Amino acid sequence: MKIKILMVCLGNICRSPLAEGILASKLNPDRFLVNSCGTSSYHIGENPDRRSIEIAKKYGIDITNQRAAQFKISDFDIYDFIYPMDSSNYDDIIKLARNDDDKKKVKLILNELQPDADLDVPDPYYGGEQGFEEVYKILDKACDCLAQKL
């Protein structure tokens, strides 16, 4: 049975698609399933932001087959680990949790790097290309840490 991991940001077009692609590239696909979604419905069905696609491609990762989806309560039943990119999305997910078992699955992604620091992955959407580079590097480190743990 595969271990299932869900990466979550707001619109599922910048940070979480990168996190999905990066972590999936570090894990054995026979043992792990990595997916992503957003807490909002803004971009359902859309490709990741072209800047996320470009930065992933720069590092040899293809995320062009991803499509934005919205987080659903049923995701608690599907996924073993749920990693929001920031505290706002963390709060939105926790509000949907039905019980403590659901809540235990949710952890800020950067807490893998710095436990209990509760740091946010910055949202690069309104910035330039450099923001996407920075987010890639942050997520790459966090995903290295997570892949070693798993």
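Higher on the page you've got the structure.
Everything numeric in this text was worked out from a predicted model, so none of it was measured. (Residues numbered from 1 in each chain as written. Predicted model: local features only at pLDDT ≥ 70, side-chain atom pairs only at ≥ 80, totals over all residues. Heavy atoms only, no water.)

Moving on, we get to the pattern of salt bridges. According to the stated counting rule, one finds 15 salt bridges in the structure shown. Among the ionic pairs, Glu112 bridges to Lys107, the shortest N-O distance being 3.2 Å. Classification of Glu112 as buried rests on a relative accessible area of 5%. Bridged by salt links that share partners, the residues Arg15, Asp86 and Asp123 form one connected network. (Salt bridge = Lys/Arg side-chain N within 4 Å of Asp/Glu carboxyl O. Buried < 20%, exposed > 50% of the residue type's maximum accessible area, 1.4 Å probe, protein only.)

The residue His43 is located in the loop between strand E2 (32–38) and helix H2 (50–58) in this model. Ignoring any residue separated from it by four or fewer positions in sequence, one finds His43 in contact with Gly11, Ile13 and Ala68. (Helix = DSSP H or I, 4+ residues; strand = E, 2+ residues; numbered from the N terminus. Contact = heavy atoms within 4.5 Å.)

Pairing within the open sheet is parallel, and its 3 strands lie in the order E2-E1-E3. The open sheet has two edge strands with one neighbour each: E2 and strand E3 (81–84). On average, adjacent strands in this sheet sit at an angle of 20° to one another, irrespective of strand direction. Of the pairings in the sheet, the one linking strand E1 (residues 3–9) to E2 comprises 7 bridges and is parallel in character. The residue of E2 that forms the bridge with Leu6 is Asn35. Where helix H4 (residues 87–96) meets the sheet, its contacts fall on E1 and E3, and the angle it forms with E3 comes to roughly 140°. (Pairing = 2+ DSSP bridges. Axes fitted to C-alpha atoms, helices over the stretch in contact; angles between N-to-C directions.)

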